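Listed below, chain by chain, are the residues.
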Amino acid sequence: MHEFLCRGARVRVHDNGRIEVLDDPAVEYCPFVEAFYGIRKIDRSAVERITRLKMEKFGFCCPHRRLDLGLLVPFGSSETISVCMRKGLLDCAVIVCEGAGTVVAWDPDLVQGIGAIMSGVLRTSPIEAVIKRVEEKGGLVLDPEGATIDQPAGVEKAMEMGFRRIAVTVIGPMAADISAIRDLEEGRRGVEVAVFSTCNTLVRPDQIEHLERADLVCSSASRLIRELVGPRALMQMGVSIPVFVLTELGKKLALAYLTEMRASFVVFRARMPYIVGGKQPVPARRSASKSYRGR
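Residues numbered from 1 in each chain as written. Predicted model: local features only at pLDDT ≥ 70, side-chain atom pairs only at ≥ 80, totals over all residues. Heavy atoms only, no water.

The next point concerns the nonpolar core. Counting residues in hydrophobic clusters, the biggest one holds 36 residues, and the most contacted among them are Ile 81, Leu 90, Val 103, Val 134 and Met 237. Not counting chain neighbours up to four residues away, the residues in contact with Val 134 comprise Leu 67, Val 103, Leu 110, Ile 114, Gly 139 and Val 141. Residues Leu 5, Leu 224, Ile 225 and Met 272 belong to the second largest nonpolar core, which totals 34 residues. (Core = buried A, V, L, I, M, F, W, Y, C linked by side-chain atoms within 4.5 Å. Buried < 20%, exposed > 50% of the residue type's maximum accessible area, 1.4 Å probe, protein only. Contact = heavy atoms within 4.5 Å.)

Locating Val 121 in the fold gives a position in strand S7 (residues 120–123). Overall, the relative accessible area of 5% leaves Val 121 in the buried class. Spatially, the C-alpha atoms of Val 121 and Glu 3 are 6.1 Å apart, while their sequence positions differ by 118 residues. Ignoring any residue separated from it by four or fewer positions in sequence, one finds Val 121 in contact with Glu 3, Phe 4, Val 96, Glu 98, Ile 149 and Ile 171. (Helix = DSSP H or I, 4+ residues; strand = E, 2+ residues; numbered from the N terminus.)

Its 15 residues give helix H2 (residues 44–58) an end-to-end C-alpha distance of 21 Å, which sits within 8% of 21 Å, the value for a rise of 1.5 Å per residue. Along H2, the residues classified as buried are Ala 46, Val 47, Ile 50, Thr 51, Lys 54, Met 55 and Phe 58. Of the surrounding elements, those touching the buried residues of H2 are strand S1 (2–6), strand S2 (9–13), strand S3 (19–21) and helix H1 (31–37). Just beyond H2, the residue with positive phi is Gly 59, at close to 75°. (Expected span 1.5 Å × (residues − 1).)

A cluster of nonpolar residues, Val 266, Phe 268 and Tyr 274, forms a patch on the protein surface that exposes about 320 Å² of accessible area. Looking at Phe 268, the relative accessible area reads 47%, which means it is partly exposed. (Patch = residues over 30% accessible without salt bridge, like charges linked within 9 Å, V, L, I, M, F, W, Y side chains within 5 Å. Areas by Shrake-Rupley, 256 points an atom, 1.4 Å probe, with all protein chains shown as cover. Salt bridge = Lys/Arg side-chain N within 4 Å of Asp/Glu carboxyl O.)

Take the sheet that holds strand S6 (residues 101–105) next. Read from one edge to the other, the open sheet built from eight strands follows the order S8-S6-S5-S9-S10-S11-S13-S12, with strand pairing classed as mixed. The sheet terminates laterally at strand S8 (139–141) and strand S12 (235–237), the two strands that pair on one side only. Here the average twist between neighbouring strands, direction ignored, is 20°. Pairing between strand S10 (residues 192–198) and strand S11 (residues 216–218): two bridges, direction parallel. Bridge pairing in S11 links Ser 197 to Val 217. Of the strands in this sheet, strand S5 (92–97), S6, strand S9 (165–171), S10 and S12 touch helix H3 (residues 77–86), which is tilted by about 155° from S10. Helix H7 (residues 176–186) contacts S9 and S10 of the sheet and is inclined by roughly 175° relative to S10. (Pairing = 2+ DSSP bridges. Axes fitted to C-alpha atoms, helices over the stretch in contact; angles between N-to-C directions.)

In this section: the sheet that holds S7. The strand order across the open sheet built from four strands is S3-S2-S1-S7, with neighbouring strands paired in antiparallel fashion. Strand pairing shows two members of the sheet lacking a second neighbour, S3 and S7, which therefore form its edges. Each neighbouring strand pair of the sheet contributes to a mean axis angle of 30°, computed without reference to strand direction. The pairing of S2 with S3 spans three bridges and is antiparallel. Among the inter-strand pairings, Arg 12 is bridged to a residue of S3, identified as Glu 20. Along the sheet face, H2 touches S1, S2 and S3 and points at about 150° away from the line of S3.

Below, the structure is given as structure tokens:
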């Protein structure tokens, strides 16, 4: 069984391939979903369709999970991390893969292969074939028997393995892990951890203090992040789903990533956040105040 968030809806995929959409999505429109999947109206059936497409095309939640995916999402966390690993700015990444749980990965292609289609995984079960391929392609699975998701423990493991410049992704429901990771970092001389905060559509006001300790924060469809985290940003990537860069380390990584993007840019000074009306996700009326309480 694998449970994850898709546009704020909890989704469960069973080992027979059955998809259960457990509640309503938190957004009714997302510019990324329209661009990538061609879907304008997001409801339970759209969430199920998105999940089915990922399973069929990429092996999401399946033994034949693809780990060879190229760059797909502009300003995405896995894209930024993998580029910075290739440039020698990061040694490894602590990420999550459905079917494996927390993974320490030192191959940038593996980081992107896992992260390109990743949703906010809440819990997962081990898939032997996926774990084997992760380990063959340059990764260590923290808990092969249980596929545990524990990002602070993953960062600690990466430190024990001798990595010093570590990237880690933390989803919104587990925002408190960011503070736990910072505590670990403070106790290790010579270690630098770049925290990427992702999948934040359902973030709650009490979690903002943890998100503000990240280096880069994806706003997802969260009004709270745009209003409370956005003004603290040193830099912003994107306007539809802004990624707010909060630290000098985050800025260094973001600029390194931008050098590899094959696109035209406009650069100018602005008061943060820089929001363009009409290009933002639209919250679902019934789900505007919905939140998911993680562990």
